[in-house]
Amino acid sequence: MKSIFVSNFLRWVLFADAATSVATGLLLMLGSSSLQQSLGLSAKLMQYAGISLLPFAAFVIYLATKENAVLSMVWAVILLNALWTIDSIILLLSGWIEPTAIGTAFILFQAFGVAMFAGLEYIGLRKSTPLVV
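Notes on the structure follow. (Residues numbered from 1 in each chain as written. Predicted model: local features only at pLDDT ≥ 70, side-chain atom pairs only at ≥ 80, totals over all residues. Heavy atoms only, no water.)

**Considerations on the environment of Pro130**
Here comes step 1: Checked against the element boundaries, Pro130 lands in strand 3 (residues 129-130).
Here comes step 2: For the pair Pro130 and Asn68, spaced 62 residues apart in sequence, the C-alpha separation works out to 9.2 Å.
Here comes step 3: Dropping the residues within four chain positions of it, Pro130 is found in contact with Ser3 and Ile4. (Helix = DSSP H or I, 4+ residues; strand = E, 2+ residues; numbered from the N terminus. Contact = heavy atoms within 4.5 Å.)

Take a look at the structure:
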């Protein structure tokens, strides 16, 4: 397994990703009933999305606190963020949901934010130093 010395840039991006994931996860889990009408999204969909963010955030926090990280774990975070972004767009285009204009904006905004984290994490990965064992 290849490991890297985690750059400070990558560490801060991972912490920001984790904090955003926790905040969004809690908002979707706890506020789904209140948000349902204004976003036009089902409460269950938002609850499940919120619940899925919490273990992801815990994993990202774990990585952010490590001085050295396994390269494939960092790639997993980047790829999961990319997958979340793609899935968000597919969800909008699929016709499976009928969000309000605010709901559409919310989905696009969070998809853009997650894509931004994936890009910044990739940059941070490039700034990190491979460990020679």
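Let us keep going from here.
**Focus: the sheet that holds strand 3**
Pairing between the strands of a sheet is mediated by backbone hydrogen bonds and can be parallel or antiparallel.
Here comes step 1: Read from one edge to the other, the open sheet built from three strands follows the order 2-1-3, with strand pairing classed as antiparallel. Strands with a single pairing partner mark the edges of an open sheet, and in this sheet they are strand 2 (68-70) and strand 3.
Here comes step 2: In this sheet, strand 2 lies alongside strand 1 (residues 3-5) in antiparallel orientation, the contact comprising three bridges. Bridging from a neighbouring strand, Ser3 pairs with Val70 of strand 2.
Here comes step 3: Across the sheet, helix 3 (residues 71-94) lies against strand 1 and strand 2, angled at about 70° from strand 2, the strand it touches most. (Pairing = 2+ DSSP bridges. Axes fitted to C-alpha atoms, helices over the stretch in contact; angles between N-to-C directions.)

**Considering helix 4 (residues 101-127)**
Here comes step 1: Taking 1.5 Å as the rise per residue, helix 4 with 27 residues should run 39 Å; its terminal C-alpha atoms sit 39 Å apart, in good agreement.
Here comes step 2: Looking only at helix 4, the buried set comprises Gly103, Ile107, Gln110, Ala111, Gly113, Val114, Phe117, Ala118, Glu121, Gly124 and Leu125.
Here comes step 3: Along its buried surface, helix 4 packs onto strand 1, helix 1 (8-39) and helix 3. (Expected span 1.5 Å × (residues − 1). Buried < 20%, exposed > 50% of the residue type's maximum accessible area, 1.4 Å probe, protein only.)

**A few points about the packing of helix 1 against helix 2 (residues 43-64)**
Here comes step 1: Where helix 1 meets helix 2, the closest approach of the two axes is 8 Å, and the angle between their N-to-C directions is 165°. It follows that helix 1 is roughly antiparallel to helix 2 by the angle criterion. When the axes of helix 1 and helix 2 are compared, the crossing they make is left-handed.
Here comes step 2: By residue class, the composition of the contact of helix 1 with helix 2 is 21 nonpolar, seven polar and two charged. (Parallel < 35°, antiparallel > 145°, perpendicular 65-115°, else oblique. Left-handed = near helix turned anticlockwise from the far one by under 90°. Nonpolar A, V, L, I, M, F, W, Y, C, P; charged D, E, K, R; others polar.)

**Overview of the side chain of Thr85**
Here comes step 1: With respect to the secondary-structure elements, Thr85 resides in helix 3.
Here comes step 2: The contact partners of Thr85, leaving out residues within four places of it in the chain, are Ala111, Val114 and Ala115.

**Considering the packing of aromatic side chains**
Here comes step 1: Scanning the model with the defined rule gives two aromatic pairs in all.
Here comes step 2: Between Trp12 and Phe15, the ring centres sit 6.1 Å apart and the planes meet at 55°, which makes this aromatic pair tilted. Of this pair, Trp12 and Phe15 both sit in helix 1, separated by three residues, roughly a single helical turn.
Here comes step 3: The exposure class of Trp12 is exposed, given its relative accessible area of 61%.
Here comes step 4: Ring geometry for Trp75 against Tyr122: centres 5.8 Å apart, planes inclined by 55°, an arrangement best described as tilted. Of this pair, Trp75 sits in helix 3 while Tyr122 sits in helix 4, and the two are 47 residues apart along the sequence.
Here comes step 5: The class for Trp75 is partly exposed, based on a relative accessible area of 33%. (Phe/Tyr/Trp six-rings, centres within 6.5 Å; stacked < 30°, edge-to-face > 60°.)

Everything listed here is a matter of geometry and, on its own, says nothing about what the molecule does.
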